[in-house]
Structure formats: structure tokens, C-alpha cells
Amino acid sequence: MHVILASLTGPHHVHHGVPAILTDLVWAHTTTAHGLEHLRAKASDDGMDLYLFLRATSEAAALGQAHAILTGARVPLRAYGYTLAAPLR
């Protein structure tokens with residue numbers, strides 16, 4: 001299991017249901033091939049941090065899987081005002 005942090009920039013005033021909405025959007029654009037086991041969204045100073053818990057053979061593979069997931073969810077995340085802030089880590 002690998003944990004990848006994806007920092008998103010976006011609205012700073014997060015309503016109570018926003019983390020759940022964002023996790024639902026990501027899950028909706030994830031397939032079993034992505035290896036996502038768990039996802040946690042947490043408000044940050046710049047927007048939102050997404051912690052992706054991935055089943056992967058290596059850290060590099062996990063980064064690739066996370067990138068694929070977030071690329072697929074890019075448009076709906078943007079509709080809520082969020083974009084990927086920095087490289088995944």
C-alpha cells in the first residue's frame with residue numbers, strides 16, 4: 001500500500017460537504033485497474049489535500065496510478081474550483 005498526497009488549490013472557505021463531494025468525484029472517475037483502496041480529503045490552507053491509498057508494486061507505479069486518476073477527474077474537480085497545485089508526492 002502506498003499513500004500519495006495530491007494538493008489541490010481552490011476555495012479556502014470549505015463547506016462541510018465539500019470533502020465528501022470531492023472524494024465522490026474522484027471515485028466516480030476511478031476503475032479497479034487504478035488500485036485505489038481508500039481516499040481521504042482534508043481542507044488545507046490553499047484548498048484541499050487528497051490522500052490516495054493505492055495498491056501498487058512500487059512508489060513510481062503508485063504515482064502513475066494517482067496521476068491517471070486525477071487526470072480523469074480533472075474536469076469535474078475544476079467545476080468545483082479545484083486544480084492540482086503541485087506534483088504528486
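Attention here is on the structure that accompanies the text. Remember, it's a predicted structure, so these values are computed and weren't measured experimentally. (Residues numbered from 1 in each chain as written. Predicted model: local features only at pLDDT ≥ 70, side-chain atom pairs only at ≥ 80, totals over all residues. Heavy atoms only, no water.)

A look at helix α1 (residues 18–28)
Note the cut-off: The buried label goes to any residue with under 20% of its type's maximum accessible area, the exposed label to any with over 50%, and the partly exposed label to all in between, with areas taken from a 1.4 Å probe on protein chains only. By the criteria applied, helices consist of DSSP H or I runs no shorter than four residues and strands consist of E runs no shorter than two, each listed in order from the N terminus. Relevant arc is that of directions from the helix axis to the C-beta atoms, nothing else. In this description, contact between two residues means that some pair of their heavy atoms is separated by no more than 4.5 Å.
Three or more residues of α1 are buried, namely Val18, Pro19, Leu22, Thr23, Leu25 and Val26. Projection of α1 onto a plane perpendicular to its axis shows the buried side chains occupying an angular sector of 155°, all on one side. The outward face of α1, more than 90 degrees from its buried face, is lined by the exposed residues Asp24 and Ala28. Buried residues along α1 sit against β2 (36–43), β3 (47–54), α2 (59–72) and α3 (74–79).

Observations concerning the sheet that holds strand β1 (residues 2–9)
Which entries qualify depends on this criterion: We treat two strands as partners when DSSP finds at least two bridges between them. Lines fitted to the C-alpha atoms define the axes, with helices restricted to the stretch that makes contact. Angles between their N-to-C directions range from 0 to 180 degrees.
Taken together, the four strands give an open sheet; going across it, the order is β2-β3-β1-β4, and neighbouring strands pair in antiparallel fashion. In this open sheet, the two strands that pair with only one neighbour each are β2 and β4 (83–84). Of the pairings in the sheet, the one linking β1 to β4 comprises two bridges and is antiparallel in character. Looking at β4, one finds that Thr9 is bridged to Thr83. With respect to the sheet, α1 is in contact with β2 and β3, its orientation differing from that of β2 by roughly 150°.

Remarks on the pairing of β1
Along β1, six of the eight residues are buried, which leaves the element largely enclosed by surrounding structure. In terms of strand pairing, β1 meets β3 through eight bridges, oriented antiparallel. If you follow Ala6 over to β3, its bridge partner there is Leu50.

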